[in-house]
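In case you want the letters, here they are:
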Amino acid sequence: MLDYAAKRGIEAVQGVAEAHPFSDQSVDFALSVTTICFVDDASAMFREAYRILRPCGVLVVGFIERDSEPAPKWQPVTYSS
């Protein structure tokens, strides 16, 4: 997805939902799609979103249920070395 975004002229940053690589109050908009269903700590994810959003910033959340039929398609890939 990072490559796809770059090809479209979008600067994307890889990170972890519970520990964003952004400064406090540094973004106007945050998008979380098919993420909350799979994070280890949803409360931490929301705290991080609140921390990085500027006043009046917007958080958009789209989710699917972890146990729903399409969920396996969205499961994170785990790589081992």
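It should be noted that the structure appears before, not after, this text.
Each chain carries its own residue numbering, running from 1 in the written order of its sequence. Reporting in this predicted model follows two pLDDT cut-offs: at least 70 for local features of residues, and 80 or more for side-chain atom pairs to be given and counted; totals over whole chains, interfaces and linings ignore these cut-offs and use all residues. Side-chain measures were taken over the full set of non-hydrogen atoms in the model, leaving aside hydrogen atoms and water.

Undergrad: With reference to specific residues and values, describe helix α2 (residues 42-52).
TA: Since there are 3.6 residues in each turn of an α-helix, residues three or four apart along the chain are aligned in direction. Partly exposed residues are those whose accessible area sits between 20% and 50% of the maximum for their type, while under 20% is buried and over 50% is exposed, using a 1.4 Å probe and protein chains only. Counting from the N terminus, the helices are the DSSP runs of H or I reaching at least four residues and the strands are the DSSP runs of E reaching at least two. Along α2, the residues that are buried comprise A44, M45, E48, A49 and I52. Projection of α2 onto a plane perpendicular to its axis shows the buried side chains occupying an angular sector of 140°, all on one side. In this structure, α2 carries R47 and Y50 as exposed residues pointing more than 90 degrees from its buried face. Contacts from the buried residues of α2 go to β1 (27-33) and β2 (53-62). As used here, the arc belongs to the directions running from the helix axis to the C-beta atoms. The criterion used for residue contact is that any of the two residues' heavy atoms lie within 4.5 Å.

Undergrad: How would you explain a nonpolar patch on the surface if you had to name every residue and give the values?
TA: On the surface, a cluster of nonpolar side chains totalling about 440 Å² of accessible area is made up of F29, L31, V33, V58 and V60. Counting residues per element, the ones that place at least two in the nonpolar patch are β1 and β2. Among the elements that take part in the nonpolar patch, β1 stands out by supplying three residues, more than any other. Structurally, V33 is set in strand β1. Residues enter patches when they are more than 30% accessible in relative terms and free of salt bridges; like-charged ones are connected within 9 Å and nonpolar ones (Val, Leu, Ile, Met, Phe, Trp, Tyr) within 5 Å. The protein chains shown are the only cover counted for residues, whose accessible areas, like all others here, come from Shrake-Rupley with a 1.4 Å probe. The term salt bridge refers to a pairing of a side-chain nitrogen on Lys or Arg with a carboxyl oxygen on Asp or Glu at a separation within 4 Å.

Undergrad: Go over the pattern of salt bridges with me, naming the residues and quoting the values.
TA: On inspection of all chains with the given rule, the structure shows three salt bridges. For the salt bridge of R54 with D28, the shortest nitrogen-to-oxygen distance reads 3.1 Å. Placement of R54 in strand β2 and of D28 in strand β1 is noted, with a sequence separation of 26 residues between them. In this structure R54 comes out as partly exposed when scored by relative accessible area, which is 34%. Among the salt bridges present, the one from E48 reaches R51, with a minimum N-O distance of 2.8 Å. Of this pair, E48 and R51 both sit in helix α2, three residues apart, roughly one helical turn. With a relative accessible area of 23%, R51 lands in the partly exposed category.

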